[in-house]
Amino acid sequence: MTIILAIETSCDETAVAVVRDGSELLANVVSSQVDIHSKFGGVVPEVASRRHVEKMTVLLEEALRQANISMDEVDAVAVTEGPGLVGALLIGVTTAKTLAFSRGLPLIPVHHIAGHIYANQFVGEMAFPLVALVVSGGHTELIYMERHYAFKRLGQTRDDAVGESYDKVARLLNLPYPGGPQLDQLAEKGKVTYDFPRAWLERGSLDFSFSGLKTAVMNTVQQEKQEKIVIEDVAASFQEAVLDVLIEKTRQAMEQTGVRRLLVAGGVSANRGLRRRLKELAQERRLTLSLPPLDLCTDNAAMIGAAAYYAQQKGIQAGLDLNANPGLPLI
Ligand code: KG4
Ligand code: ZN
């Protein structure tokens, strides 16, 4: 039995969790900074770091209380090493190093995207081989996994990430930050009336490109007279263009690899339209689909604790010289 205390501070959520054996969630506390950053229309890095400092000790205590354990029962400390905002990451890394040093515990560094993938451990034991569709604020990738903690990239975005496009388009429409959930709600009410572009790229390519779509939405919003814009319809049309590409590239990835297990990860996996379309794809192609629980789609430390359990089994461990790595590659 292994109890891991996990810390995540890569962006604007301060999060601590306690996870047993990579799949049992004993505690999960998340303190979101959305209300602080929304008045600026996006995350202010320096403000995020300061807030992480303020919240960290309170959240650590709260997580241990929720899990009903003391630090004596913790077997290892896990932390998001990167990618993310360097100042924000540093708060988590420094906290984790301090705990590991003072308690003589192993320190397990986790890649943020590996974390998102392992959020699926809380819906059921992951089985392999699988293809993971990663859709977050900073990443859009198709990843092949033959076994635990072994990642191969099949495709990735060449410009904006999906979540980033949602946030940028939401900003064009004067919606508050973060835009993804707002656009999701509006899209449910709208009709697909605008024909926005879908970037398919070269034949057989599993890469993505979303910046053209963002520009097309911008041009439409600027060209149309303000009173003529039906914001729900813009949202529905934008989302339809995003989903068409995500679903088709995912279908191609399953076909090219011959894999029958599809896993989804990252903040945008909370999107209702995407979840619906993925379920349809899974049914049509007889795929086994794994979607993270709604409360573990966006940033949290539970996913870091789950990933760390498998990272540790692969012998991944950091020394006290561990540093935050804002551009850490997954592969
Ligand atoms: O994975 P995440 O929490 O952070 C990163 O690792 O980047 O993803 C955050 C992103 C944001 O861009 C946010 O707008 C988007 O996920 N997002 C959504 C939804 N919920 C969060 N996008 C579309 N629909 C949603 N329901
Ligand atoms: Zn994330």
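Residues numbered from 1 in each chain as written. Chains lettered and ligands numbered in written order. Predicted model: local features only at pLDDT ≥ 70, side-chain atom pairs only at ≥ 80, totals over all residues. Heavy atoms only, no water.

As for unusual backbone geometry
Here is step 1 of the chain: A cis amide bond links G82 to the next residue, P83, at an omega of -10 degrees.
Here is step 2 of the chain: Inspection of the secondary structure assignment puts P83 in the loop between β4 (76-82) and α3 (86-103).
Here is step 3 of the chain: The backbone of D21 sits at a positive phi, close to 50 degrees, despite the residue not being glycine.
Here is step 4 of the chain: Here D21 is to be found in the loop between β2 (13-20) and β3 (24-32).
Here is step 5 of the chain: Given a relative accessible area of 27%, D21 falls into the partly exposed group.
Here is step 6 of the chain: Here the phi dihedral of L201 falls at roughly 60 degrees; this positive angle occurs in a residue that is not glycine.
Here is step 7 of the chain: As for its placement among the helices and strands, L201 is situated in the loop between α6 (179-189) and α7 (211-223).
Here is step 8 of the chain: For L201, a relative accessible area of 32% gives the class partly exposed. (Helix = DSSP H or I, 4+ residues; strand = E, 2+ residues; numbered from the N terminus. Buried < 20%, exposed > 50% of the residue type's maximum accessible area, 1.4 Å probe, protein only.)

Side note on the nonpolar core
Here is step 1 of the chain: Formed by 45 residues in total, the largest nonpolar core has its most connected members in L183, F196, F238 and L246.
Here is step 2 of the chain: Looking at this core, the elements that each hand over two or more residues are β6 (130-135), β7 (140-145), α5 (162-172), α6, α7, α8 (231-257), β9 (261-265) and α9 (272-285).
Here is step 3 of the chain: When neighbours within four sequence positions are excluded, F238 is seen to be in contact with S165, Y166, V169, L183, F196, L213 and V217.
Here is step 4 of the chain: In this structure, V19, I143, A301 and A308 belong to the second largest nonpolar core, which totals 37 residues. (Core = buried A, V, L, I, M, F, W, Y, C linked by side-chain atoms within 4.5 Å. Contact = heavy atoms within 4.5 Å.)

A few points about the coordination of the zinc ion (ligand 2)
Here is step 1 of the chain: Coordination of the zinc ion (ligand 2) by the protein involves H112 (NE2), H116 (NE2) and D299 (OD), with metal-donor separations of 2.0 Å.
Here is step 2 of the chain: Spacing between the donor residues of the zinc ion (ligand 2) along the chain follows H-x3-H-x182-D. Remark: D299 occurs in the loop between β10 (288-290) and α10 (302-313) and H112 occurs in helix α4 (residues 112-118); sequence separation between them is 187 residues. With respect to class, H112 is no different from D299; both count as buried. (Donors = N, O, S within 2.8 Å, 3.2 Å for Na, K, Ca; no water.)

Remarks on the site of ligand 1
Here is step 1 of the chain: Taken together, 18 residues lie around ligand 1, and H116, G137, D167, D184 and G267 are the ones closest in.
Here is step 2 of the chain: Here G267 contributes a backbone N or O atom positioned 2.9 Å from an oxygen atom of ligand 1.
Here is step 3 of the chain: Here ligand 1, which alone exposes 550 Å², has 88% of that area covered by the protein.
Here is step 4 of the chain: Secondary structure elements with two or more residues in the shell around ligand 1: α4, α5 and α6.
Here is step 5 of the chain: Its residues assigned to classes, the shell around ligand 1 shows four nonpolar, 11 polar and three charged. (Near = heavy atom within 4 Å. Polar contact = N/O pair within 3.5 Å; in protein donor to acceptor, adjacent residues only side chain to side chain. Areas by Shrake-Rupley, 256 points an atom, 1.4 Å probe, with all protein chains shown as cover. Nonpolar A, V, L, I, M, F, W, Y, C, P; charged D, E, K, R; others polar.)

With respect to the pattern of salt bridges
Here is step 1 of the chain: In total, this model carries 22 salt bridges according to the counting rule given.
Here is step 2 of the chain: The closest approach of N and O atoms between D195 and R198, which form a salt bridge, is 3.8 Å.
Here is step 3 of the chain: By relative accessible area, which is 73% here, D195 ends up exposed.
Here is step 4 of the chain: On the accessibility criterion, R198 (23% relative accessible area) is partly exposed.
Here is step 5 of the chain: One salt bridge in this structure joins E284 and R285, with 3.9 Å as the shortest N-O distance.
Here is step 6 of the chain: For E284, a relative accessible area of 56% gives the class exposed. (Salt bridge = Lys/Arg side-chain N within 4 Å of Asp/Glu carboxyl O.)

Structural notes on α10
Here is step 1 of the chain: Relative to the 16 Å expected for 12 residues at 1.5 Å per residue, α10 spans 17 Å between its end C-alpha atoms, a close match to the ideal helical length.
Here is step 2 of the chain: Across the 12 residues that make up α10, a large majority, 10, are buried.
Here is step 3 of the chain: When we look at burial in α10, the residues that qualify are A302, M303, I304, G305, A306, A307, A308, Y309, Y310 and A311.
Here is step 4 of the chain: Contact partners of the buried residues in α10: β1 (3-8), β2, β3, β4, β5 (107-111) and α4. (Expected span 1.5 Å × (residues − 1).)

Details of the packing of aromatic side chains
Here is step 1 of the chain: Inspection of every chain in the model, using the stated rule, returns seven aromatic pairs.
Here is step 2 of the chain: A ring pair is formed by Y149 and F151, whose centres lie 5.2 Å apart and whose planes are at 70 degrees; its orientation type is edge-to-face.
Here is step 3 of the chain: Note on Y194 and F196: the rings are 5.7 Å apart at their centroids and 5 degrees apart in plane angle, and the pair reads as stacked. For the pair Y194 and F196, one class covers both residues: buried. (Phe/Tyr/Trp six-rings, centres within 6.5 Å; stacked < 30°, edge-to-face > 60°.)

Here's the deal with the sheet that holds β1
Here is step 1 of the chain: Taking strand neighbours across the sheet as the criterion, the five strands line up as β3-β2-β1-β4-β5 in an open arrangement whose pairing is mixed. At either end of the open sheet lies a strand with only one pairing partner, and these are β3 and β5. Geometrically, the sheet is characterised by an average inter-axis angle of 20 degrees between neighbouring strands, direction not taken into account.
Here is step 2 of the chain: Sheet analysis places β4 next to β5, joined by five bridges and oriented parallel. Of the residues in β5, the one forming a bridge with V79 is P109.
Here is step 3 of the chain: Helix α2 (residues 45-67) contacts β1, β2 and β3 of the sheet and is inclined by roughly 25 degrees relative to β2.
Here is step 4 of the chain: Relative to β4, α3 is tilted by about 155 degrees, and along the sheet it contacts β1, β4 and β5. (Pairing = 2+ DSSP bridges. Axes fitted to C-alpha atoms, helices over the stretch in contact; angles between N-to-C directions.)

Remarks on the pairing of β4
Here is step 1 of the chain: In terms of burial, β4 is largely enclosed, as seven of its seven residues are buried.
Here is step 2 of the chain: Taken together, the four bridges between β1 and β4 define a ladder with parallel strand orientation. Directly across from A6, in β4, lies its bridge partner A78.
Here is step 3 of the chain: Viewed along the sheet, the connection from β4 through α3 into β5 turns out right-handed. (Right-handed = clockwise from strand over helix to strand, strands pointing away.)

Without other data, these values stay purely geometric and don't point to any function.
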